[in-house]
Amino acid sequence: MQPTLPVHNRSDDTVLTPTFVPGPSDARWMPPALDAALQVRLHDLMVKARATEEMLIRMMRTGHGYFWIGGPGEEAYGAALGLLVHKGHGPAYDYLHLHYRSSAVVLAMGSEPIDLLRQMRSTVTDPYSKGRNFVNHFAIKPWNVVPVTPTIETQYLMAPGTALMQRRHGGIGCSIVTGGDAGSAEGDFYSAMNWSTRPGSELPVLMLVAQNGYGISTEASTVQNTPHLHQRADGFRIRNARVDGNDPIASWHALVEAMDYVRHERKPFVLQVNCSRLYGHSSSSGANRHDEPDCVQLYEKRLVDDGLATQTELKLVWDKWNSLLSDALKVVVAEPMPGKEHVLQHVWYRGPAGN
Amino acid sequence: MQPTLPVHNRSDDTVLTPTFVPGPSDARWMPPALDAALQVRLHDLMVKARATEEMLIRMMRTGHGYFWIGGPGEEAYGAALGLLVHKGHGPAYDYLHLHYRSSAVVLAMGSEPIDLLRQMRSTVTDPYSKGRNFVNHFAIKPWNVVPVTPTIETQYLMAPGTALMQRRHGGIGCSIVTGGDAGSAEGDFYSAMNWSTRPGSELPVLMLVAQNGYGISTEASTVQNTPHLHQRADGFRIRNARVDGNDPIASWHALVEAMDYVRHERKPFVLQVNCSRLYGHSSSSGANRHDEPDCVQLYEKRLVDDGLATQTELKLVWDKWNSLLSDALKVVVAEPMPGKEHVLQHVWYRGPAGN
Amino acid sequence: MATLAQAIRLALHYGETHLGVTDVFGQDVGPPLGGVFTCSQGLKTAWNTPLDERGIVGTALGIAYAGGKPVAEIQFCDYIYNCIDLLKLCGNAHWSSAGEYHVPLVLMTPVGAGIHGSMYHSHSFESIASHIQGWTIVMPSNAKDAYGLLLSAIADPNPVLFMAPKGLMRAKGDELIPGEPADERQLHQMIDAPVGDRSHWQPDWPPVEDYRVPFGQARTVRAGRDLTVVSYGRQLVQCAAVALDLAADGIDAEVLDLRTIYPWDEAAVFASVRKTGRLLVVNEDTEITNFGEHVLRRVTDACFYDLLAPPQLLAGLDVPGVGLAWGYEKHSVPQPDTIAAAMRALAALRA
Amino acid sequence: MATLAQAIRLALHYGETHLGVTDVFGQDVGPPLGGVFTCSQGLKTAWNTPLDERGIVGTALGIAYAGGKPVAEIQFCDYIYNCIDLLKLCGNAHWSSAGEYHVPLVLMTPVGAGIHGSMYHSHSFESIASHIQGWTIVMPSNAKDAYGLLLSAIADPNPVLFMAPKGLMRAKGDELIPGEPADERQLHQMIDAPVGDRSHWQPDWPPVEDYRVPFGQARTVRAGRDLTVVSYGRQLVQCAAVALDLAADGIDAEVLDLRTIYPWDEAAVFASVRKTGRLLVVNEDTEITNFGEHVLRRVTDACFYDLLAPPQLLAGLDVPGVGLAWGYEKHSVPQPDTIAAAMRALAALRA
Ligand SMILES: Cc1ncc(C[n+]2csc(CCOP(=O)(O)OP(=O)(O)O)c2C)c(N)n1
Ligand SMILES: Cc1ncc(C[n+]2csc(CCOP(=O)(O)OP(=O)(O)O)c2C)c(N)n1
Ligand SMILES: [Mg+2]
Ligand SMILES: [Mg+2]
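Within each chain, residues carry numbers counting from 1 in the order of the written sequence. Chains carry letters and ligands carry numbers; both start at the beginning, A for chains and 1 for ligands, and go up in the order they are written. Since the coordinates come from a predicted model, pLDDT governs what is reported: local features require at least 70, and pairs of side-chain atoms require 80 or more to be given and counted, while whole-chain, interface and lining totals use all residues. Only heavy atoms go into the side-chain values, all of them from the structure, while hydrogens and water stay out.

Examining the environment of B:Arg132
Residue and element names in this part refer to chain B. Let me state the cut-off plainly: Strands here mean DSSP runs of E at least two residues long; helices mean DSSP runs of H or I at least four residues long; both are numbered from the N terminus. The buried label goes to any residue with under 20% of its type's maximum accessible area, the exposed label to any with over 50%, and the partly exposed label to all in between, with areas taken from a 1.4 Å probe on protein chains only.
Mapped onto the elements, arginine 132 comes out in the loop between helix H4 (113-121) and helix H5 (154-169). We classify arginine 132 as buried; its relative accessible area is 0%. Separated by 206 residues in the primary sequence, arginine 132 and proline 338 place their C-alpha atoms 8.8 Å from one another.

This is the structure:
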């Protein structure tokens, strides 16, 4: 197979907007074609994610949760990624090593917004952590979404492990790991690249770096010398590229190409997605709206301009999700909170061996 | 200033043998010119180091020490490095963050072989660790040789700290860190590159990677995908090169050029030195002689071929060091061993603050 | 009165201007934020690092080797666990180099629960820390001690771990720091960065003075006859409040604030236990191989025949984390009611 | 009889062939060396990793998540301290994911002094390990227990830390492992890799059988009336030898081998202490916040009124490392003479 996406040329400073190349033909799975219907669906999923995050922030403000951290600004590439995941359980399917701004990914995969509200409110019904972890810390075993780690960048260390099982299993399953730009300063980012390129044991790992320009209050560019983190992969001879993560179509194409390479060459790829951090770092910094490009707004304008949707249709999408979310909130606030009897549950697993 | 050594071109696979470029003129320090006298001196220092290491191995075999690990095979670049160090105390001078194969470096700087014998035998007179640490674990404060860490690669994390103080102090002092090829797999190697390239705070760190092809029993090339580790610096846009570390003249020139850049540009440089591991990993693997290029033998042939020395003269050098070492051993075996009264010494420093 | 966070900031300022501090650094420690708890706002030597704890500790060690005086921060102690090897190197460099080098550095890190911090903003670290050699380990329970301990830490030529209880960061002291303005609004205007754009803001430092809390000296927060309660940090504050309550019921507890966790004030604790015959150690680290068990062992060694009841530890439950929902925290971290129950039970135990 | 290293190798072989082990890996674990102590020679799933402990533990966790059964090795526990955050993640994933995931992995690492290993080949790790939640922690003192504990570890669906005492790696057992050939030269010829070129060597595995040492069960190595000695690993062997010596002097010690350090056999220890009234815990980890102090606390809680003397800990001195010269090791790590002295002193103490 001819790789279709050139290795990033370090002196080329332009943002990559790859042209669409049909995905690989695979008996079991193919990326859906990005036709008009899918463009509309992408919008729906982006709104699903944004509306959910905005509800989470409202919950935090109104005392229905202690702390918010999440993904507004990462819906465009997130929704595309969620749709492109080869979803299922076990090494035939993709593993997801996500960070805490990945709501769009799991919502596009089919998660229910109400479950995020549950984790936000720390109810005992929270399926991801039973009220133990902050919101957006997922764990969804039927879909290979491994527990989101509260420690930055450790997820990169685990991806070679799942990818090794996938390499052995055969097929097209890959391990997808996401993280932030500041977090790439941890040595773990490099360990992942090193472990994914062991000679003769190259691994199908798709490493995403969400470059939003910040780590909490710190401008990433003031503490790391690179406008383009994906180029750090150059030193490992790993193919890499970057894409405008605020553009779902560009992200889609870039992901299709990167995944095509990872799935079929069974080698790693580093993809930088430039995106916004629309409500700042977390509720600790106020969770106020920031003046940065809003991928949902930009995409809505484009859909209208391209004649794929009308303002009214777009508004209906928002209404649909907002009303679903209001209903969900009503359910969630009535659900029980964990008590003493839950504290010692799940310290030890007592079921059968194997995973 | 025009950098004289080009950034390593990743597609260029040839070993770099830079031509000599006069060192920078600096009021306080200049690299000595590599004239005939210095070429002979390099040989003397290489033999000093080799003879010392061979004595250490003999001590291990004859019960004068529990464990040996050291630097035979790293004398050529080590002696050159030792001579090129801007030696002294405090941030005006170079800091050395060495690993456990650096005997040639400190011996070329002027250390006495007897002190290595003391550490080998764990006598109370061992100036580096008072019999606490394995041999070749130096700590020489008057020369800014910071304690050699038994943990692989952690020395790379400290070099940006000393280099930061040197950056502030001004002048030409730099921080030199050495380590092995296998050890570069630790994330710490990358952390050091990241911390040395913070925008506006670039640091004068010379990072050396001694590529001997092995980590203990493991062929480095079987677990890391790179024939040329220095290229990992590409991802950080750090200048890098490699040199035949078995050739003291080539090493000298490469070091002069790399140091020139680091000292005056105040930026990092990664230099890979290809070398041999002549007696295997350590006494654990037997410390037997391996069939690899021997830098001392190769250099002796060259000196004779070039008419810079006769076989007789070379033998005199060996005799000088060997007899000095025999005398030293007699002294050392009569020296006291640490006892109960030494165990709790130096847990806390009780002298004045400041270093 | 200054809050604990302000006291830290004042101490760092004093350290920069009088004690040779060259660098205060860590994630978000420099402008614009000045630390997630504002502890390093307005400091002239404060700077932001890459998000890399190993790099932070390694760089601190390098700075210390090269004659600087670094005060490095790990943003939360929950993120220190990838650096234990480096902490060990800091603590053993003096010994391993036979006294050739020493390591004058301070590492600051916020610890403990009490802020609904969930699994990774609720850790305690004193148990593992006290198992690492060569470090002095301190934890203040109030602003003035924070100031005094931090100055002692900065002045010390060995590595010092300064742990600040998260839950007390905004707690105001009840004693002025020497040189602190009496009016706390004035202090606020002088040293707290404004909301919004801070690029032109400069602090107006009050003339704080040298004040040291010596290492290894506990403070008797409340004298009493019936039992000895040893604690530190946020739990000390809870213990002191509970002791006051119980006094009304005729239980007269002596409460000691350890302040220095290692090396700790054995003499003060032994003297108190010899008087009361009963000991309760309270902390919120998890209970298996907990530093309090070390205190219990030493007390059992030294005061066995004075003990009227088995010495007790009240600590965090041995669970993998402090869960976010209040039900988890309430039932896994000592709370006033569990402290009161433990004190009552111990007072009632007969030898 | 098999050595402890051979027993580990046999257990890994059994694990590969009968218990679903998919990967045995770590630094120098695969061919040609098969582990610095030869524990993984000849195994079909053994492979060499990059020199990167964080990568090793992270990869093990990933393999476990993806349905594999990894047995990862940290070459010496002295090099595990940059991974404590990852050990915590392994141990809390089941709890934090509310039971969604669990982590069936085994981490092996050699521990302890006794081989002139100097500062970084002499560490003990049980104190910090037991402070991390979600792990079962075991340490055998003989070859057969090593085999049985390792099979239990492999079969367990939770993370298990298997610590092998360095100083006992070459010690031969005195009981055959089920299926082990009775002639140890035969075993050697079957499973020890030849010196020199090994590229064509294949082991000839004996038909070893399933044999498990259950977790949490101590073993009474010697019954006695006068005092209880609790230990494990290399120190247990020393304690047992000393107890035999002291019996000649009329001091009749009961010696328990804990085998599982966490969760440990409280019932057995309590029963023994209730009988003897005296407890000595012996290990070689450093003494401040030492796992033995936890045992002491629980015993004090449960058996205070049965104690005839303060329960004691004999552990490593609180120094930054075990120095290389024998004078350091002798005076900082428990030795037969210090163990004997501690046992005599305890037996002599009157309540
Ligand atoms: C190991 C570790 N260190 C520090 C933190 C605290 N922390 C949480 S998020 C964050 C910033 C992350 O920035 P980046 O990686 O750019 O991701 P972003 O939040 O911008 O998406 C920090 C420092 C942490 N969670 N883990
Ligand atoms: C953190 C850490 N892990 C493992 C070891 C054990 N160890 C000592 S030397 C060595 C191999 C180092 O290989 P390399 O870096 O190539 O250096 P070389 O010995 O070849 O000079 C290993 C694994 C260690 N000392 N520190
Ligand atoms: Mg960011
Ligand atoms: Mg090597």
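Brief notes about the coordination of the magnesium ion (ligand 3)
All names here are of chain A. Where we set the bar: Distances decide who is a donor: an N, O or S atom must be within 2.8 Å of the metal, or within 3.2 Å for Na, K and Ca. Water is not included, so sites may look incomplete.
Coordination of the magnesium ion (ligand 3) by the protein comes from Asp181 (OD), Asn212 (OD1) and Tyr214 (O), over a distance range of 1.9 to 2.1 Å. Coordination of the magnesium ion (ligand 3) draws on donor residues from a single chain, spaced D-x30-N-x1-Y in sequence. Residue aspartate 181 is found in the loop between strand E2 (175-180) and helix H6 (187-195), and its partner asparagine 212 is found in the loop between strand E3 (205-211) and strand E4 (214-215); the two are separated by 31 residues along the sequence. Taken individually, aspartate 181 and asparagine 212 each receive the classification buried, so the pair is uniform in this respect.

A few points about the domain arrangement of chain C
Residues and elements named next belong to chain C. Quick note on the threshold: What counts as a domain boundary in this text is fixed by an automatic or database domain assignment. Take the accessible area each of two parts loses on contact, using a 1.4 Å probe, and add the two losses: that sum is the buried area. Here, a salt bridge means any Lys or Arg side-chain nitrogen found within 4 Å of an Asp or Glu carboxyl oxygen. For this analysis, a polar contact is any N or O atom pair within 3.5 Å, provided that within protein one partner can donate a hydrogen and the other can accept it, and provided that sequence-adjacent residues contribute only side-chain to side-chain pairs. Gly falls in the polar group here, along with every residue not listed as nonpolar (Ala, Val, Leu, Ile, Met, Phe, Trp, Tyr, Cys, Pro) or charged (Asp, Glu, Lys, Arg).
You can read the domains of chain C as domain 1 (4-191) and domain 2 (219-348). Its C-alpha centre places domain 1 at a distance of 25 Å from the equivalent point of domain 2. Buried area between domain 1 and domain 2, summed over both chains or domains, comes out near 2000 Å², and the portion from carbon and sulfur atoms is 56%. If you look at where domain 1 meets domain 2, you find two salt bridges. Among the salt bridges present, the one from arginine 259 reaches aspartate 145, with a minimum N-O distance of 3.2 Å. Scanning the region where domain 1 abuts domain 2 turns up twelve residue pairs in polar contact (both at pLDDT 80 or more). Residue composition of the side of domain 1 that touches domain 2, grouped by class: 13 nonpolar, twelve polar and two charged.

Overview of the interface of chain B and chain D
What counts here: Contacts are assigned to residue pairs with any non-hydrogen atoms lying within 4.5 Å of each other.
Opposite the 26 residues of chain B that make contact, chain D presents 30 residues. Considering only the side of chain B, the residues that lose the most area to chain D are B:Tyr66, B:Phe134 and B:Val343, jointly responsible for 24% of the buried surface there. Applying the counting rule to chain B against chain D returns zero salt bridges. Viewed at the interface, chain D and chain B are joined by eight residue pairs in polar contact (both at pLDDT 80 or more). With three residues, helix H11 (residues 340-343) of chain B is the largest single contributor of residues to the side of chain B that touches chain D.

A look at the confidence of the model for chain A
Let me state the cut-off plainly: Values of pLDDT, which run from 0 to 100, indicate the predictor's confidence residue by residue.
Counting all residues, the mean pLDDT for chain A is 91, and 91% of those residues have values of 70 or more. Contacts for the low-pLDDT stretch residues 1-27 of chain A, under 50 throughout, to residues beyond four places or in other chains number 62 contacts.

Side note on the site of ligand 1
Definition in use: Any residue with a non-hydrogen atom lying within 4 Å of a molecule or strand is treated as near it.
Ligand 1 sits among 20 residues. The nearest are A:Tyr100, A:Arg101, A:Asp181, A:Gly183 and C:Glu53. Among the chains of the assembly, those with residues near ligand 1 are chains A and C. Note that an oxygen atom of ligand 1 is positioned 2.8 Å from one of the backbone N or O atoms of A:Tyr214. Here a nitrogen atom of ligand 1 sits 3.2 Å away from a polar atom, N or O, in the side chain of C:Tyr79. For the shell around ligand 1, the per-class residue count stands at eight nonpolar, eight polar and four charged.

Brief notes about the packing of aromatic side chains
What counts here: Under the pairing criterion, centres of Phe, Tyr and Trp rings, with the six-membered ring standing for Trp, must be within 6.5 Å; the plane angle then separates stacked pairs below 30 degrees from edge-to-face pairs above 60, leaving the rest tilted. When the NZ atom of lysine or the CZ atom of arginine is within 6 Å of a ring's centre and also within 35 degrees of its normal, the charge is said to sit over that ring.
For the coordinates displayed, the defined rule picks out 40 aromatic pairs over all chains. A centroid spacing of 6.5 Å and a plane angle of 90° characterise the contact between D:Trp264 and D:Phe291, whose relative ring orientation is edge-to-face. Of this pair, D:Trp264 sits in the loop between strand E10 (260-262) and helix H8 (266-276) while D:Phe291 sits in helix H9 (residues 291-303), and the two are 27 residues apart along the sequence. One aromatic cluster is present, formed by A:Tyr156, A:Phe189, A:Tyr190, A:Phe236, B:Tyr156, B:Phe189, B:Tyr190 and B:Phe236 through successive ring pairs. Looking at B:Arg132, its charged tip hangs above the ring of C:Trp95, at a distance of 4.0 Å from the centre. Over the ring of C:Tyr81 we find D:Lys88, and its NZ or CZ is 4.6 Å from the ring centre.

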